[in-house]
Amino acid sequence: MDLDIYQVDSFTSEAFKGNPAGVCITNNGLSDSLMLSIAEEMAVSETAFLSLYDMTLKWFTPKSEVMLCGHGTLAVAHVLKERGQLSTHDTVNFETLSGTLTALVNESTIELDFPSPTLQFDITPCQVLLDNLGVEVCEIVSFGSFDSKVFIEVDSEETLLNLQPNFQAMKQTKGRGVLVTTSSNSNELDFVSRYFAPWVGVNEDPVTGSAHCALTVYWSGKLGKLKLQGYQASERGGYVTTELLSNGRTKLIGSAVTVIKGTLQVPVV
């Protein structure tokens, strides 16, 4: 069985930057076991699978299925546009584990309509986690959680950029993901962030769309503004424009570049 396969760099307008996503679009859905095998073969943080029959969209890391993936959704909408199945100003709805997600195709960007998470901050920091991250208690401004993930604001960009987590040690403890953020030194940005998820096979995610929903909720309240500009300071780096909407949702805006197109040859058992 031959499947069309793509690799797309999301939340960037430049190849080899942003977050690479695998994209596999089929007329009918694939089995979970096959999707996981393909995601392992693609070996990027997430591979997105779209069934055109019912517009069901799923995302898999090389280790497991995830509930929500911003850069994978952006990549799918981008590929649909390149294939001529979407045009500028078109809107498409995807059915996902996180409900219906909408993508609006612009000339050079794509707007995603995602759910806004609830942030909780009545949590005591876990010293083991802080040690594994390399964060001192005195460097923490806020410590909380969202969607079973840890949320940390640190005191400076220098603290954020200097983090060198012990991923092997992190995997020995219970966890799902850790989002670390701080305000930006740049006048063109509102905040910067990094995201670590070794528990699902992604030590450091290059650019995390879903995490920017939490970042938008947090920084919108802290800065008193609805429209924000964020930068995820991974090695590849990527920019996400966000907006907190009045209906409990978040708009993520970004660009994408296709870097690989090919055919995946799947053995028929």
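Anything mentioned here points back to the structure above.
Please read all numbers here as calculations on a predicted model, not as lab measurements.

Student: Can you help me understand helix H2 (residues 70-82) in this one?
Tutor: Each full turn of the α-helix corresponds to 3.6 residues, which orients residues three or four apart in the same direction. Over its 13 residues, H2 extends 19 Å from the first C-alpha to the last, a length consistent with the 18 Å expected when each residue adds 1.5 Å. Listed in full, the buried residues belonging to H2 are Gly-70, His-71, Gly-72, Thr-73, Leu-74, Ala-75, Val-76, Ala-77, His-78, Val-79 and Leu-80. With its phi angle positive at about 80°, Gly-84 sits one or two positions after the end of H2.

Student: Teacher, can you tell me more about the packing of aromatic side chains here?
Tutor: Both the distance between ring centres and the angle between the ring planes are used here to describe each pair of aromatic rings. For the structure shown, the criterion picks out 9 aromatic pairs. Plain terms: the ring middles of Phe-121 and Phe-151 are 5.9 Å apart, the flat faces sit at 90° to each other, and that makes the pair edge-to-face. Of this pair, Phe-121 sits in the loop between strand S8 (110-115) and helix H3 (127-133) while Phe-151 sits in strand S10 (residues 149-154), placing them 30 residues apart in sequence. Since its relative accessible area comes to 0%, Phe-151 is described here as buried.

Student: What exactly am I supposed to notice about the pairing of strand S12 (residues 191-197) here?
Tutor: Along any regular strand, the residues point their side chains to alternate faces of the sheet. Within S12, 7 of the 7 residues are buried, which leaves the element mostly enclosed by the surrounding structure. Side chains of S12 alternate between two faces, with Phe-191, Ser-193, Tyr-195 and Ala-197 and Val-192, Arg-194 and Phe-196 buried alike. Where strand S11 (residues 178-183) meets S12, 6 bridges bridge the pair, whose relative direction is antiparallel. From the neighbouring strand, Ser-183 faces S12, where its bridge partner is Phe-191. As defined by bridge partners, S12 adjoins strand S14 (residues 227-232) across 3 bridges and the pair is classed as parallel. Note that in S14 the partner of Ser-193 across the bridge is Gln-232.

Student: Just checking my understanding: could you explain the pairing of strand S4 (residues 56-60) for this structure?
Tutor: Examined bridge by bridge, strand S3 (residues 46-51) and S4 share 5 bridges and lie antiparallel to one another. Directly across from Phe-49, in S4, lies its bridge partner Lys-58. In textbook terms, the turn of a hairpin is the stretch between consecutive antiparallel strands, and for S3 and S4 this stretch comprises 4 residues, one of which, Met-55, has a positive phi near 55°. Of the strand pairs in this sheet, S4 and strand S5 (residues 65-66) are connected by 2 bridges, and their pairing is antiparallel. Looking across to S5, one finds that Trp-59 is bridged to Val-66. Connecting the antiparallel pair S4 and S5 is a turn made up of 4 residues.

Student: Just checking my understanding: could you explain unusual backbone geometry for this structure?
Tutor: A negative phi angle is the norm for most residues apart from glycine, just as the trans form is the norm for most peptide bonds. At Ala-43, a position not held by glycine, the phi torsion is positive, near 55°. Secondary-structure assignment places Ala-43 in the loop between helix H1 (32-42) and S3. Using a relative accessible area of 56% as the deciding quantity, one classes Ala-43 as exposed. Positive phi, normally seen in glycine, also occurs at Ser-148, with a value near 65°. Inspection of the secondary structure puts Ser-148 in the loop between strand S9 (140-146) and S10. We classify Ser-148 as exposed; its relative accessible area is 66%.

Student: Where do I start with the side chain of Thr-159 in this structure?
Tutor: Looking at the secondary structure, you find Thr-159 in helix H4 (residues 157-161). At a separation of 2.7 Å, a polar atom in the side chain of Thr-159 contacts the side chain of Asp-155. Not counting residues up to four positions away in its chain, the partners in contact with Thr-159 are Glu-139 and Val-154.

Student: Which parts of the structure should I look at to understand the environment of Ser-31?
Tutor: Along the chain, the position of Ser-31 falls in the loop between strand S2 (19-26) and H1. A distance of 3.2 Å separates a polar atom in the side chain of Ser-31 from the backbone nitrogen of Leu-34.

Student: Would you take a moment to explain H1 for this structure?
Tutor: Taken together, the buried positions of H1 are occupied by Leu-34, Met-35, Ile-38, Ala-39 and Met-42. Take H1 and look down its axis: the buried residues cluster within an arc of 140°, on one side only. Of the exposed residues in H1, the ones pointing more than 90 degrees away from its buried face are Ser-33 and Glu-41. On its buried face, H1 sits against strand S1 (2-10), S2, S3, S4 and strand S17 (256-265). With its phi angle positive at about 55°, Ala-43 sits one or two positions after the end of H1.

Student: Explanation requested: the nonpolar core in the structure shown.
Tutor: Soluble globular proteins tend to bury their nonpolar side chains together. Val-23, Trp-59, Val-76 and Phe-94 are the most contacted members of the largest nonpolar core, which totals 33 residues. Sorting elements by how many residues they give to this core places H2 first, with 6 residues. With sequence-adjacent residues up to four places away left out, Phe-94 is seen in contact with Leu-50, Met-55, Leu-57, Thr-73, Val-76, Ala-77, Leu-80, Gly-99, Thr-100, Leu-101 and Ala-103. Core analysis: the second largest hydrophobic core is formed by 19 residues, Leu-160, Leu-163, Leu-189 and Val-192 among them.

About the criteria used
Residues numbered from 1 in each chain as written. Predicted model: local features only at pLDDT ≥ 70, side-chain atom pairs only at ≥ 80, totals over all residues. Heavy atoms only, no water. Helix = DSSP H or I, 4+ residues; strand = E, 2+ residues; numbered from the N terminus. Expected span 1.5 Å × (residues − 1). Buried < 20%, exposed > 50% of the residue type's maximum accessible area, 1.4 Å probe, protein only. Phe/Tyr/Trp six-rings, centres within 6.5 Å; stacked < 30°, edge-to-face > 60°. Pairing = 2+ DSSP bridges. Polar contact = N/O pair within 3.5 Å; in protein donor to acceptor, adjacent residues only side chain to side chain. Contact = heavy atoms within 4.5 Å. Arc of directions from axis to C-beta. Core = buried A, V, L, I, M, F, W, Y, C linked by side-chain atoms within 4.5 Å.

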